[in-house]
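Coordinate inspection notes
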Amino acid sequence: MIIKTFKTAEEIGVAVAEIFTKQVKNKPDSVLGLATGATPIPTYNNIIKNFNEGDFSFKAVKTYNLDEYCNLPKEDKNSYYTFMHKQLFDSLDILEENVHFLDGNAADTEAECKRYDDEINAAGGIDIQLLGIGNNAHIGFNEPADEFTNGSFKITLTQSTIDANKIYFDENPMPTHALTMGIKQIMSAKQIILIATGPKKAEAIKNMIEGPVTPQVPASILQEHDDVLIFLDEDAASLLTK
Ligand code: F6R
């Protein structure tokens, strides 16, 4: 793991956007694994800025998002489909047929998860996987568990995750289930970039970096990947002792 600490979330956004920009310039048909939530927004803003200022295209890029809520129409303002279009895709020249999500409303969730994993593998696997981290150290929606997960699957969200995300659901209750890429699928990405900002992430970051590798701290598995960049602001890094 290479750990980089910055003063602000905005500086992290500039630095991570630069990595994605270089990736797409060097490999125009890159396969990108993307995350939602508050954390990647500065990165997405800066990718858009670079796109508007640069001479490169996302037309051949494929994206795969980490997760999607169940029982939420994709047109809902809180679906990750809507989030990604609003925060990133609508401002790029990426093709709609190249952006991919798990369908949280699929009748047969097992078949849907298999379809998604097969598609990622058929695309040649993910070149760079962007991750945030939950207050409980989840990645994607892989909540603390007894075993590390494999491919995509349906998860029951923990109270910690519901408490962290329910602020976005002002009218309707937050979904209690989601489909998410599994840990093994995330770990098969060629490079992984995890961003954590703010004091609420400090304990998860300490456990992820300095604790044992355990499914009770899902992000700790990243210690076993050989190309991981961790971007932290000073608050998220504040409990690290090394
Ligand atoms: C989102 C995702 C989650 C978030 C995590 C942090 O696609 O997979 O693991 O990255 O819950 O969320 P924020 O960034 O809102 O603190």
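What comes next concerns the included structure. (Residues numbered from 1 in each chain as written. Predicted model: local features only at pLDDT ≥ 70, side-chain atom pairs only at ≥ 80, totals over all residues. Heavy atoms only, no water.)

Focus on the sheet that holds strand β1 (residues 2–6)
What holds strands together in a sheet is hydrogen bonding between their backbones, with the strands either parallel or antiparallel. An order of β1-β10-β9-β6-β2-β3-β5 is seen for the seven strands of this open sheet, with the pairing classed as parallel. Either end of the sheet is taken by a strand with one partner, and the two such strands are β1 and β5 (99–100). Judged from the two bridges that link them, strand β2 (residues 31–34) and strand β6 (residues 128–131) form a sheet pairing that is parallel. Bridge pairing in β6 places G33 opposite Q129. (Pairing = 2+ DSSP bridges. Helix = DSSP H or I, 4+ residues; strand = E, 2+ residues; numbered from the N terminus.)

Things to note about the site of the ligand
Close to the ligand lie 13 residues, the nearest being T39, D67, H138, G140 and K201. In this structure, K201 approaches the ligand through a side-chain N or O atom, which is 2.6 Å from an oxygen atom. Bound to the protein, the ligand loses 91% of the 410 Å² it would expose on its own. A per-class count over the shell around the ligand returns four nonpolar, seven polar and two charged. (Near = heavy atom within 4 Å. Polar contact = N/O pair within 3.5 Å; in protein donor to acceptor, adjacent residues only side chain to side chain. Areas by Shrake-Rupley, 256 points an atom, 1.4 Å probe, with all protein chains shown as cover. Nonpolar A, V, L, I, M, F, W, Y, C, P; charged D, E, K, R; others polar.)

Some details on the nonpolar core
A general trend in soluble globular proteins is that nonpolar side chains are found buried together. By size, the foremost hydrophobic cluster in this structure holds 36 residues, and its most contacted members are I133, I139, L194, I205, M208 and L222. When contributions to this core are tallied by element, the ones reaching two or more residues are α4 (109–122), α6 (183–187), β9 (191–196), α7 (202–210) and β10 (228–233). The element contributing the most residues to this core is α7, with four residues. In this view, L194 contacts L131, G132, I133, I139, I205, M208, L222, L229, I230 and F231; residues no more than four positions away in its chain are not counted. The next biggest cluster of nonpolar side chains, apart from the first, holds 30 residues, and it includes V16, L34, F58 and F101. (Core = buried A, V, L, I, M, F, W, Y, C linked by side-chain atoms within 4.5 Å. Buried < 20%, exposed > 50% of the residue type's maximum accessible area, 1.4 Å probe, protein only. Contact = heavy atoms within 4.5 Å.)

Observations regarding α7
Turning to α7, its buried residues number three or more, namely A202, A204, I205, M208 and I209. Here the buried residues of α7 occupy an arc of 160° about the axis, which is enough to place them on one side. (Arc of directions from axis to C-beta.)

What to know about the sheet that holds strand β7 (residues 153–156)
Strands sit in the order β4-β8-β7 across an open sheet of three strands; the sheet is antiparallel. Only two strands of the sheet have a single partner each, and these edge strands are β4 (67–69) and β7. Pairwise comparison of adjacent strand axes, ignoring direction, gives a mean angle of 30° for this sheet. (Axes fitted to C-alpha atoms, helices over the stretch in contact; angles between N-to-C directions.)

Some details on the environment of N78
Mapped onto the secondary structure, N78 falls in the loop between β4 and α3 (80–87). A sequence separation of 51 residues divides N78 from K27, and the C-alpha atoms of the two residues are 32 Å apart. The residues contacting N78, other than those within four sequence positions of it, are Y69, L72, Y168 and F169. At a separation of 3.0 Å, a polar atom in the side chain of N78 contacts the main-chain carbonyl oxygen of Y168.

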